[in-house]
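# Fold and geometry: a report
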Amino acid sequence: MPVQTAQPSLFSKLRNLVPVLLGLGLFAVGIWALEHLLRPVNAADVIAQMKAMPVLVLIISVGATALGYIALIGYDWWALVYLDKRLPVRAVALGGFLGYSFGNTIGISVISGGAVRYRIYSAFGLNAFDVAALATYIAVAMGMGLMLVGLLALGIHPEALAGVLPFSLPVIQVGALLIAFIIMALTLALSFSRRSMRIGKAEIAMPAPRILLGQLGVAIFDSTMAALALYVLLPVGAPDFAPFIAIYAAAAMVAILSHVPGGVGVFETVVIAAMPQGVSVGEVAAALLVFRMIYFLLPFALAFAIVSLNEARMAGGLASRVFGELPEPMRPVVAALSGAVPWLVGLWALGFGAYLVAIGLMPSVIPTDDESDLISAILLEGGTLVSAVTGIVLIILSHGLVRRISGAYWFTLVAICGGGVASLLNHFDFESALILALGALALLPFRREFHRRAKITEGVFSLEWFALIAAVLIAGFSFFFFVHEATPYSHALWTELTRNANTSRALRAGLAGSAVLLVFSVYLALRPARARRAEPEVEALDHAARIIASQDDPQACLALSGDKSLMFSSDEQAFVMYGRHRANWVAFGDPVGPPETVDDLAWNFHDEALRAGGKPVFYEVSERHLPLWIEMGMVLHKVGEEAVVRLADFSLGGAKFKSMRAAFNKAKREGYELEILQPPHSPALMAELAAVSEAWLGGKTGREKGFSVGRFDPAYLEHFPIAAIRNGLEGQDRVIAFANILAPGTKRRVSVDLMRYLPEHSSGIMEFLFVSLIEHYRNAGGEEFSLGMAPLAGLSKRRTARIWDRFGHLMFRHGGSFYNFEGLRNFKQKFHPEWRPRYIALPPAVSPMVAMADIALLISGGPRGIIGK
């Protein structure tokens, strides 16, 4: 079926545009403010001051950072105690360290750190909602702890922010202490009383006193160590340590609230602005740069090395012989982390790209007296140009790495090695060449994670990509002007070619890098829209049927209903079934096909939807691919539970099935019998089934449903066996109820789709049908029988739950006038099934209620299908 392009509404475009532009704007303002404060500073002096840092000072800063990150792990520990989850200490330490190391650098710690934690903690039984609760708890605990530490320090030393806040010292002191006292009193009161407080729609509850006090201890120690890591680097004349804690806390809070990744520019601006008169701004800038390297980049590099080394140990070979085999309890953890690898490697490449661009814009600060050495000048020129261009190429490739594209991985290795060669041409910069070589070496264990055969340019032309490029350009231009502001501009700068012509080389390098970026962007913008091959409907359905026959998922059979589009994988071994309503592209169920193929297919569907201006939505998916949806950046919402009966354990014997056994035996005595009819089906049978279907539909509101269920269509029913209930004692031997049986592949897993009966036989007929089928397939060697999903079942009813969960639970309990949600679940519960959650995976900007409304319209065939025939 051909894919049609869905045009998003203006409101939808603006809703997606505002957060991106806001974040970009805040980043630009932070860079502008920082550039304004650093205007009197000479870049060469800053670099010289960084190199002159005493070794002992650096060791103390690194030590404070190490203690701070150990304290950060305490947040995870107390969060797990609060959630009453018990995990091995080694797993908590690994999850906490990796979560904070990656989250602090990326900036959006709740998202990035949470994604890493999910992969680690899920290996020990935590689900996505447990990890979401843990990440929320950590965010609140860190914010509250940082605020209290800053307020208490400011109350003791109000002069710390006197130059920033427009208030007198007594007002600052009294205000800080009063706010701290109110927060502490309220927190302790709620904790000891075990009560909650409602503010608008938000409900605030505190953990038990033991957990609260332990968490406050962690927060105080963490904030103190982080402040110490920066304080020891500051020059003479900086405030004493106690008032500096207030400065650090204020800068960290402003950086967090700005939502700028890592608080870049924002944090530095607040710290520099709060320094007393007479303190060298250049020395403070040098201290802040070194602090960034120690507190952010060093843990990130160490965490990346840990993931890389464990990946290599997992694969065996040299790494396992040198460092030993990976302990068996940690193997599931390392395997689970593989889902986060593309994002980490993409960020790794992005960082090296920015580093090479910086080298290109600041090629050499080592002057030489030999201006006539043309060969050295040419080599230096080539190294500078290659550094800048390679840096831009790595930034472009980082997007392909996130998408697991094989070509992007190999090009990245080549580009980083090329950057190392360029560094050697730049005054034999062995330090940079060594860093780049180690960076390339760290990527080697991940080569198996990049297996997608796709174009590197796929999915790049997006709003987020433009925001990233804009941020790189803003930072690059600001850095260039900061480094070369002492050189007056003239047209001759573009043609000057000497070893000391640093500004000239930087101008040409910047121009070359910008040209590469411009050509790439124009190529993407002018590229014609790719027309997908329209596959004939019958051929597509036949091909889907062949794939389904090799699988054991009954839900996959719904692809044959003919009311959904099909997207096949590149090797034609898997497919996604989907429908479109407005801008939402809704895939139904898990992707169907071999496990090694479905991940790429899901990404292709995701990309296709975005490329067409739509929003990818995955509806009624199981837990099987939760790491994939998280890797895509999707938000998960529970939409119900599937009832699955384990056939080996099912028996009508025993007290719990007493009433069901009596009803079943009574129905058999009254002449009810099950007959399973194999396809092909005769026209006479179809006519008989059609009469039952029409009688059943006559008592229903709205049209016949579709999309997530099958419709009565002879062509559709021809694919399946029919379970027919007859009553021979009536003398007519007619069909009074039927269902089509979904039992693909080995028939290990079985379900039913259409379940219809004559209204006069409604009492107990579906129960008899289910029991008869369960016993039949149990005797035939089946393993599972799905009774289908109970919509909105199992959603949280806590007042602290998300709006969707509370709304869904309300509909489940009181939505009987629309649909008997609770009655359906109670009916299925009679079979004592295993309840398995089903989810909807959405982009963060898509409301679950809006998406579910669109899905309801897809199922009903439009608004008229809900209320009319």
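Please refer to the structure placed before this passage.
A brief look at the structure comes next. The shown structure was predicted, so the numbers you read here are calculated from the model rather than taken from an experiment.

The rules behind these values
- Residues numbered from 1 in each chain as written.
- Predicted model: local features only at pLDDT ≥ 70, side-chain atom pairs only at ≥ 80, totals over all residues.
- Heavy atoms only, no water.
- Helix = DSSP H or I, 4+ residues; strand = E, 2+ residues; numbered from the N terminus.
- Buried < 20%, exposed > 50% of the residue type's maximum accessible area, 1.4 Å probe, protein only.
- Contact = heavy atoms within 4.5 Å.
- Areas by Shrake-Rupley, 256 points an atom, 1.4 Å probe, with all protein chains shown as cover.
- Axes fitted to C-alpha atoms, helices over the stretch in contact; angles between N-to-C directions.
- Parallel < 35°, antiparallel > 145°, perpendicular 65-115°, else oblique.
- Nonpolar A, V, L, I, M, F, W, Y, C, P; charged D, E, K, R; others polar.
- Pairing = 2+ DSSP bridges.
- Right-handed = clockwise from strand over helix to strand, strands pointing away.
- Expected span 1.5 Å × (residues − 1).
- Left-handed = near helix turned anticlockwise from the far one by under 90°.
- Salt bridge = Lys/Arg side-chain N within 4 Å of Asp/Glu carboxyl O.
- Core = buried A, V, L, I, M, F, W, Y, C linked by side-chain atoms within 4.5 Å.
- Patch = residues over 30% accessible without salt bridge, like charges linked within 9 Å, V, L, I, M, F, W, Y side chains within 5 Å.
- Polar contact = N/O pair within 3.5 Å; in protein donor to acceptor, adjacent residues only side chain to side chain.
- Arc of directions from axis to C-beta.
- Phe/Tyr/Trp six-rings, centres within 6.5 Å; stacked < 30°, edge-to-face > 60°.
- Lys NZ or Arg CZ within 6 Å of the ring centre and 35° of its normal.

For the protein chain, the count of helices and strands is 30 helices and 13 strands. Taking all 869 residues of the protein chain together, 51% fall into the buried category. Of all intrachain contacts in the protein chain linking residues separated by at least 6 positions in sequence, the fraction that spans at least 24 positions is 73%. Accessible surface for the protein chain amounts to roughly 39300 Å². Of this, 66% is attributable to carbon and sulfur atoms.

All right, on to the packing of helix α23 (residues 658-669) against helix α26 (residues 765-779) then. The N-to-C vectors of α23 and α26 enclose an angle of 95°; their axes lie 10 Å apart at closest approach. As judged from the angle between their axes, α23 and α26 are roughly perpendicular. Contacts from Met660, Ala663, Phe664, Ala667 and Lys668 in α23 reach Glu767, Phe768, Val771, Ser772 and Glu775 in α26. Across the contact of α23 with α26, the residue classes tally to 6 nonpolar, 1 polar and 3 charged.

On a regular strand, one side chain projects to one face of the sheet and the next to the other, so that they alternate. Counting buried residues along strand β6 (residues 615-621), 7 of its 7 residues qualify, which places the element largely inside the surrounding structure. Examined bridge by bridge, strand β5 (residues 584-588) and β6 share 5 bridges and lie parallel to one another. The partner of alanine 587 across the bridge, within β6, is phenylalanine 618. The handedness of the β5 to β6 crossover, carried by helix α21 (residues 595-611), is right-handed. Sheet topology note: the β6/strand β13 (residues 834-842) ladder contains 3 bridges and is antiparallel. Counted as the bridge partner of tyrosine 619 is isoleucine 840 from β13.

A word on the environment of valine 850. As for its placement among the helices and strands, valine 850 is situated in helix α29 (residues 848-860). The class for valine 850 is partly exposed, based on a relative accessible area of 37%. In sequence terms valine 850 and asparagine 584 are 266 residues apart; their C-alpha atoms lie 9.8 Å from each other.

All right, on to helix α16 (residues 406-425) then. Helix length check: α16, at 20 residues, gives a terminal C-alpha distance of 29 Å against a target of 28 Å (1.5 Å per residue), a fit within 8%. Within α16, the full set of buried residues consists of Ser406, Ala408, Tyr409, Thr412, Leu413, Ala415, Ile416, Gly419, Gly420, Ala422 and Ser423.

Packing of helix α3 (residues 55-82) against helix α8 (residues 209-231) leaves a shortest axis separation of 8 Å and a crossing angle of 160°. It follows that α3 is roughly antiparallel to α8 by the angle criterion. By crossing handedness, the relation of α3 to α8 is classed as left-handed.

Tracing the chain through its elements places proline 680 in the loop between β8 (672-677) and α24 (683-698). You can call proline 680 exposed: its relative accessible area is 71%.

Opposite charge on two side chains makes pairing possible when the charged atoms of those side chains draw close. The full count for this structure, using the stated rule, is 18 salt bridges. Here glutamate 642 ties to arginine 838 by a salt bridge, and the two come within 2.9 Å at their closest N and O atoms. You can see glutamate 642 sitting in strand β7 (residues 635-646) and its partner arginine 838 sitting in strand β13, a full 196 residues away along the chain. A salt bridge links glutamate 760 to arginine 734; the shortest N-O distance between them is 3.7 Å. Highlighted residues: glutamate 760 in the loop between β11 (749-757) and α26 and arginine 734 in the loop between β9 (722-727) and β10 (735-742), separated in sequence by 26 residues. Assessed through its relative accessible area of 54%, glutamate 760 is described here as exposed. On the accessibility criterion, arginine 734 (30% relative accessible area) is partly exposed. Several salt bridges converge on common partners, so that one network encompasses Asp553, Arg646, Arg749, Glu784, Glu834 and Arg836.

Our focus in this paragraph is unusual backbone geometry. Most of the time, phi is negative for any residue but glycine, and the peptide bond is trans. Cis peptide bonds are those with omega within 30 degrees of zero, and the linkage from proline 679 to proline 680 qualifies with 0°. Located in the positive-phi region is glutamate 572, a residue other than glycine, with phi close to 65°. Along the polypeptide, glutamate 572 turns up in the loop between β3 (565-568) and β4 (575-581). For glutamate 620, which is not a glycine, the phi torsion comes out positive at approximately 60°.

Okay, the sheet that holds strand β12 (residues 784-791) next. Here we have 11 strands laid out as an open sheet, ordered β3-β4-β5-β6-β13-β7-β12-β11-β10-β9-β8, and mixed in their pairing. Looking at which strands have only one partner, the edges of the open sheet turn out to be β3 and β8. In this sheet, adjacent strand axes meet at a mean angle of 30° when their direction is disregarded. Where β3 meets β4, 4 bridges bridge the pair, whose relative direction is antiparallel. Within β4, the position partnered with phenylalanine 568 by the bridge is phenylalanine 575.

Turning next to the nonpolar core. The biggest cluster of nonpolar side chains holds 133 residues, and the ones touching the most others in it are Phe618 and Trp629. In this structure, phenylalanine 618 is in contact with Ala587, Ala602, Phe605, Trp629, Met632, Met634, Tyr839, Ile840 and Ala841, ignoring residues within four places of it in sequence.

Here the focus is a nonpolar patch on the surface. Together, Val55, Leu56, Ile59 and Ile60 make up an exposed nonpolar region whose accessible area comes to about 400 Å². As for its placement among the helices and strands, isoleucine 59 is situated in helix α3. With a relative accessible area of 53%, isoleucine 59 lands in the exposed category.

To continue, consider the side chain of histidine 681. Along the chain, histidine 681 falls in the loop between β8 and α24. What makes histidine 681 buried here is its relative accessible area of 8%. Within polar-contact distance, the side chain of histidine 681 engages the backbone oxygen of phenylalanine 720 at 2.8 Å.

By the secondary structure assignment, serine 622 is in the loop between β6 and α22 (626-631). A residue is classified by how much of its surface remains accessible, and serine 622, at 11% relative accessible area, is buried. Here aspartate 590 takes part through its side chain, which lies 2.5 Å from a polar atom of the side chain of serine 622. Separated by 3.2 Å, the side chain of serine 622 and the backbone nitrogen of arginine 624 make a polar contact. With residues near it in sequence (within four places) discarded, serine 622 still touches Asp590, Trp629, Pro837, Arg838 and Tyr839.

The α-helix winds at 3.6 residues per turn, so residues separated by three or four positions along the chain end up facing the same way. With 16 residues, α24 should reach 22 Å at 1.5 Å per residue; the first-to-last C-alpha distance of 22 Å fits that figure. Of all the residues in α24, the buried ones are Leu685, Met686, Leu689, Ala690, Val692, Ser693 and Trp696. When α24 is viewed along its axis, its buried side chains cluster within an angular range of 165° and face the same direction. Residues of α24 that are exposed and point more than 90 degrees away from the buried face comprise Pro683, Ala684, Glu694 and Gly698. Looking at the buried residues of α24, the elements they touch are β8, α25 (714-717), β9, β10 and β11.

All chains considered together, the criterion is met by 37 aromatic pairs. Taking the centre distance of 6.4 Å and the plane angle of 55° together, the rings of tyrosine 75 and tyrosine 100 count as tilted. Residue tyrosine 75 is found in helix α3, and its partner tyrosine 100 is found in helix α4 (residues 89-106); the two are separated by 25 residues along the sequence. Across this residue pair, the class does not change: tyrosine 75 and tyrosine 100 are buried. Consider the rings of phenylalanine 770 and phenylalanine 827, whose centres lie 6.1 Å apart with planes at 45°: the pair is tilted. Within this pair, whereas phenylalanine 770 is found in helix α26, its partner phenylalanine 827 is found in helix α28 (residues 821-829), the two being separated by 57 residues in sequence. By relative accessible area, phenylalanine 770 is classed as buried at 3%. Judged by its relative accessible area of 21%, phenylalanine 827 is partly exposed. Taken together, Tyr69, Phe97, Tyr248, Phe267, Phe291, Tyr295 and Phe296 form an aromatic cluster joined through their ring pairs. Residue placement shows arginine 580 over the ring face of tryptophan 585; its charged tip is 5.7 Å from the ring centre. Note that arginine 825 overlies the ring of tryptophan 835, its terminal NZ or CZ placed 4.0 Å from the centroid.

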